[in-house]
Amino acid sequence: MDYDTIAAISTPVGEGAISIVRLSGPDAISAADRLFQGSKSLSEVHSHTIHYGKIVDPQEGQSVEEVMVSVMRKPKTFTREDVVEINCHGGLTSVHRVLELVLDQNVRLAEPGEFTKRAFLNGRIDLSQAEAVMDLIRAKTDQAMNVAMSQMEGKLSILIRKLRDRLLEILAAVEVNIDYPEYDDAEVMTNNILHEKASEVRQQIDRILSTARQGKILREGLSTVIVGRPNVGKSSLLNQLVHESKAIVTNVPGTTRDVIEEYVNVRGVPLKLIDTAGIRETDDIVEKIGVTRSKELLQSAELILLLVNGNEKLTDEDRRLFQLIGKTPAIILLNKADLPLEASIDEVAQLAGERPVLKTSMINEKGLDELEKAIASLFFSQDVSTGAEAYVSNTRHIALLKQARSAINDALEAADQGLPVDMTQIDIKRTWDLLGEIVGDTVSDRLINELFSKFCLGK
Amino acid sequence: MNRKEGLEMKSYNAGTYDVIVVGAGHAGVEAGLAAARMGAKTLMLTISLEGVAFMPCNPSVGGPAKGVVVREIDALGGEMGHNIDKTYIQMRMLNTRKGPAVRALRAQADKQLYQRAMKETIEETENLTLRQGMVDHLIVEEGVCKGVVVATGAAYYAKSVVLTTGVYLKGKIIIGELQYESGPNNMQASVKLSDHLKALGFDLVRFKTGTPPRVNGRTVDYSKTEIQPGDDAPLAFSYDTKEFIKDQIPCWLTYTNLETHKIIQENLDRSPIFSGAIVGTGPRYCPSIETKIVRFNDKNRHQLFLEPEGKATKEVYVDGLSTSMPEEVQRKMLATIPGLEHAEMMRPGYAIEYDAVVPTQLWPSLETKKISGLFTAGQINGTSGYEEAAGQGLMGGINAARKALGKEPLILDRSEAYIGVLIDDLVTKGTKEPYRLLTSRAEYRLLLRHDNADLRLTEIGHQIGLIPDERYERFLAKKHLIEQERQYFAVTTIKPSESVDALMKSKDAALLREPMKAEQLLKRPELSYQDVASLLPEHGSIPVEVGEQVEIQVKYEGYINKQLQQVEKMKRMEKKKIPQDLDYSKIDGIATEARQKLTDVRPISVGQASRVSGVNPSDIAILLVYLEEGKLARRTG
Ligand SMILES: Cc1cc2nc3c(=O)[nH]c(=O)nc-3n(C[C@H](O)[C@H](O)[C@H](O)COP(=O)(O)OP(=O)(O)OC[C@H]3O[C@@H](n4cnc5c(N)ncnc54)[C@H](O)[C@@H]3O)c2cc1C
Ligand SMILES: Nc1nc2c(ncn2[C@@H]2O[C@H](COP(=O)(O)OP(=O)(O)OP(=O)(O)O)[C@@H](O)[C@H]2O)c(=O)[nH]1
Ligand SMILES: [Mg+2]
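Note that this is a predicted model, so its numbers are computed, not measured. Numbering of residues starts from 1 in each chain and follows the order in which that chain's sequence is written. Ligands are numbered from 1 and chains lettered from A, in the order in which they are written. Owing to the predicted nature of the model, reporting of local features is limited to residues with pLDDT of at least 70; listing and counting of side-chain atom pairs is limited to 80 or more, with chain, interface and lining totals taken over all residues. Computation of side-chain values: all heavy atoms of the structure, hydrogens and water removed.

J.: What am I meant to see in the site of ligand 2 here?
T.: Residues and elements named next belong to chain A. Near ligand 2 lie 23 residues; those nearest to it are Ser236, Gly254, Thr255, Asp338 and Met362. In protein, a polar contact requires one atom able to donate a hydrogen and another able to accept it; more generally it is a pair of N or O atoms within 3.5 Å, and residues adjacent in sequence count only if both atoms are side-chain atoms. Contact distances for ligand 2 include 2.9 Å between an oxygen atom and a backbone N or O atom of Lys234. Within the side chain of Asn335, a nitrogen or oxygen atom sits 3.2 Å from an oxygen atom of ligand 2. Per-residue and other accessible areas were derived by the Shrake-Rupley procedure at a 1.4 Å probe size, with only the shown protein chains allowed to occlude residues. In isolation ligand 2 exposes 650 Å². Once the protein is present, 89% of that is buried. Sort the elements by how many residues they give to the shell around ligand 2 and helix 8 (residues 234-242) lands first, with three residues. Residues belonging to the shell around ligand 2 are distributed by class as follows: eight nonpolar, 12 polar and three charged. Nearness here has a simple test: a residue counts as near a molecule or strand if at least one of its heavy atoms is within 4 Å of that partner. Strands are runs of DSSP state E lasting at least 2 residues, helices are runs of H or I lasting at least 4, and numbering of each runs from the N terminus. Residues are grouped as follows: nonpolar covers Ala, Val, Leu, Ile, Met, Phe, Trp, Tyr, Cys and Pro; charged covers Asp, Glu, Lys and Arg; every other residue, Gly included, is treated as polar.

J.: I tried to follow unusual backbone geometry on my own but got confused; where do I start?
T.: In terms of backbone geometry, most residues other than glycine have negative phi values and most peptide bonds are trans. Backbone torsion omega between Lys74 of chain A and Pro75 of chain A reads 5°, so that peptide bond is classified as cis. Examined against the element boundaries, Pro75 of chain A turns out to sit in the loop between strand 5 (63-72) and strand 6 (83-88). Even without glycine at this site, Asn95 of chain B takes up a positive phi of about 60°. Relative to the helices and strands, Asn95 of chain B resides in the loop between strand 4 (88-94) and strand 5 (104-109). Judged by its relative accessible area of 5%, Asn95 of chain B falls in the buried class. For every residue, the accessible area obtained with a 1.4 Å probe (protein chains only) is divided by the maximum for its type, and the residue is called buried under 20%, exposed over 50%, and partly exposed between those limits.

J.: Is there a simple way to explain the sheet that holds strand 18 (residues 345-347) of chain B in this structure?
T.: Note on sheets: strands pair through backbone hydrogen bonds, and any given pair is parallel or antiparallel. All names here are of chain B. Pairing between strands requires that DSSP locate at least two bridges from one strand to the other. Spatially, the six strands line up as an open sheet ordered 14-15-16-17-13-18, and their pairing is antiparallel. In this open sheet, the two strands that pair with only one neighbour each are strand 14 (226-228) and strand 18. On average, each strand axis in the sheet is inclined to that of its neighbour by 35°, with strand direction left out of account. Pairing geometry for strand 16 (residues 303-308) and strand 17 (residues 315-319), over four bridges, is antiparallel. What sits directly across from Phe305, in strand 17, is Asp319. Relative to the sheet, helix 9 (residues 327-335) contacts strand 13 (214-216), strand 17 and strand 18, its axis offset from that of strand 18 by approximately 140°. Each axis is a line fitted through C-alpha atoms, taken for helices only over the stretch in contact, and angles between the N-to-C directions span 0 to 180 degrees. We call two residues in contact whenever any of their non-hydrogen atoms come within 4.5 Å of each other.

J.: Where do I start with the environment of Arg108 of chain A in this structure?
T.: Residues and elements named next belong to chain A. You can see Arg108 is positioned in strand 7 (residues 108-109). Spatially, the C-alpha atom of Arg108 lies 11 Å from that of Ala31, the residues being 77 residues apart in sequence. Of the polar contacts made by the side chain of Arg108, one reaches the side chain of Asp4; its length is 3.0 Å.

J.: What should I look at first to understand empty space enclosed by the protein in this one?
T.: To locate leftover empty space, one rolls a probe as large as a water molecule over the atoms. For each structure, a 1 Å grid was placed over the protein atoms alone; sets of points admitting a 1.4 Å probe that cannot get out are labelled cavities, open sets with protein on both sides within 12 Å along at least five of seven lines are labelled pockets, and lining residues have an atom within 4 Å of a point. Grid points are joined across faces, edges and corners, and a volume is the space filled by probe spheres set on the points. Per the stated rule, a full pass over the model turns up four cavities of 30 Å³ or more. Space inside the largest cavity adds up to approximately 70 Å³. Residue lining of the largest cavity: 10 residues in total, with Glu182 of chain A together with Arg106, Gln228, Cys251 and Phe305 of chain B positioned closest to the centre. Elements that contribute at least two residues to the lining of the largest cavity include exactly strand 4, strand 5 and strand 16 of chain B. Taken together, the residues of the lining of the largest cavity break down into two nonpolar, three polar and five charged.

Here is the structure:
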């Protein structure tokens, strides 16, 4: 339970531009080191030092995030264990990506309050703080319970349960041959049969894992940032999409000075819509803060709606905005289409590149249908069907599914190598247990029950 | 044992012992022998001396999981392995085509010989007194057990008492419409003791089991059955055994058929199981034939093994035909079975109901929580099976003796022995039906192998004084040889050559391209220790069992290490002890259900607590914090 290496995102989600993935435990440094590319290996650096580098996906070899990594060796750390903190600058998505990579390194997702718990158990914090730890564990588990409950009813758990039932059948078939070697009525499990069945299970796990991104979005909303120069109609767009007057609309440029967030469901895609202050050079202090904030938000956006005023010539500020978008998926709206077209449509198309360009009018409510369609098709672009599909969204579940996948891979490998079926069984059992943790079913009697309900055993 | 009305039974002081064992079944004999061998002055009381180590059901010892238990008993210095090795009529190794983790020995026993040999061993053991006597109640003063009182009035005193009363507590035999109070095989039932335990405040449950009819082998037509011979190889349960029984006796396989099933179906209204006459819960793994036919009515036949009960008897046990149908129906059933058409039934099958103690009332030492100095072991704790009983009996005896001698209890954990799994399951989770060991109950199955029971437990057996020095030396020598040979395999290189190629070809294995360590080569599934060793220069004679260890340890190293890692984690939690007087109601934040369960079970460690059903990881986290907090308070306060 304790003393394995744990990790979690340790800054409250969404606050501040920097998020930290924190690791604690005996393998913290080696795990981080496997992902880190910098001038030095993390295992060689001094304690309590910070290092610049990249987090690289070891499988695909591609760089995921630029980071600052602090390495703190035990015992002078918060938990009195080796601690590594990976400071990520990017948005939520890339932090999650970093965490997922960390969790692939035989590191377990920390339970709520677990860092504090370790700190306490290792004698790092004192008695008066103990109560607070208890509260923390309690509060967080209550929350976790609620989430678990709602997930229990969800499609995911149905899917996982089905998968577990399949595994249970395999397990029972192997067990019956072991505990009742003379019983002649059960199919004798060979490595071939095991391999076939295990492959099916792996495919299923892969399928569920492929829904991970959609799942997270469904839970948190696709973070969608509306940007554009002042007065191009950003707030009007927000109001149109939420069908309500949420943001103040005036003909004074620079009306919106702070960020406005609204949740809306567009054709099955939940959006966290963020209206921003129009981006321009300004001397107004308040507006300036708003502009800086808008730029930060752009970094963490998962979808950008960039508005250009079609009734005016393109400005340098417009052009700079196109650059700010970077690689984030975006839709370009040429707004105020009810007024004469002044902007160069060729230049807009060229700046937009692959990204869709739509002509819209917030006054005439034109182009909004097309916009909704474009959003939906962007989201569902991976050939994942809607509706009936279950989504895995919780990072803990994703981590467990990945472990399950690696366990079933071990089983496949064992079967390939021709190890005895009762060895292969060990990995299959582990897969079953890991999936059980997702649906909160860790009762160990199930296998024995299956054995006796399925086969007519005994003397 | 009816007394004349109105006459008060006079009790007399009949002596003082360190340990008293009540019962001489498979649990009792291990308990008594262990206690006496550890130097405790021990008394063993049993209803009838004819019932010592009696097998009321199938004449067989071992099988998957159970066979490993027998080896564990042997490695700890118990008797079952020795005794069966002296008295088997057939011995087989099971699961030979599977991995080493699930291999197991099973022997067919000569029932009477088994009893006689065990009784003789007991009689010859110093410090041990075997006596006939029905224990009616315990002497309990202020929550401490001080002794027992026998129906004859004899009061015996002791520092610890082990109850191993098996299937006898309020035993009731049921055959069709016939019901009567009885222990197994028409032995006298133990009635007063059961009531007494209830009066002392113990929770009891009512369980049930059953046995098939026996037939006269002279009247069986074996030509209509399939022969099931024993193995020729010299096999033994005990690591001590050097002599092997030669002339083995085969078993025979036959089947029920639709005709048999029809007879049962037609008479279901007379079946005590379906009529409601039986209230006790039966084991799912030993269903009666009538239960099988009702629950699996798509099966056209069921296997029946004809097992001889010994060399000096013609009685044959019809394995698979356990039943409590009326005698008349049983005879009709038998007549439908190929080979048994003309078989004479010698004893009818029967069901038996009995009381058992709810085992969550025990500490992992098998001492009861309610009454200090009182231990229970065997079927009385809700298990079923000779090996399960013997394993508990051994532990109960060891801990009763240790208590009497003022020592800490010995508790085996789940990674050390099936016996540890068994007892931990019982005292942590309890059981809703007669409990039987299965390999799937052990999460570290790969570590709990038949072949390494000595490596796991001899050290402990020696420490507690049950393994003699001479045997211990032998064990150390073997252990040393294994390590040496492993080392040799790790450093010795095999180069490609003609003889290597020839071997690889004969084994359908890939040819060797470049030099390779012997160890690496042994990891190939096609190759055995013998194969690889044959390529190495002669390096002294290596006993078969040493080669076997090297092979298993090398071949399955990856899996073994994986399990060892899990074990390490588990052990850390086992080491975190919980004070016996912990008041769970004082711990904020533990869920109500978990609090209730923990209060009932009173786990001794955080590890045990985490296995109590209904206790969640968050409860454990809170418990951990609470325990640390207490430590801190003591340190600072
Ligand atoms: C009909 C029947 C069918 C069975 N079928 C199976 C089966 O199919 N599979 C299986 O695994 N197991 C089966 N068993 C169970 C198996 O026989 C037991 O699990 C095992 O024998 C239990 O051992 P034990 O030492 O706990 O108790 P027992 O062997 O029952 O021994 C109890 C001992 O306690 C003594 N005793 C009891 N009360 C007193 C008292 N008050 N005073 C003094 N002495 C007392 C008795 O004399 C006896 O010596 C069956 C048992 C029976 C009776
Ligand atoms: N004709 C026309 N006017 C529009 C359209 N969309 C917005 N407007 C007008 O443009 C003005 C600015 O609209 P807002 O929605 O406040 O623009 P904004 O981008 O949020 O502006 P700031 O918050 O100041 O950056 C308002 O007077 C709107 O009515 C459109 O499609 N056509
Ligand atoms: Mg605005």
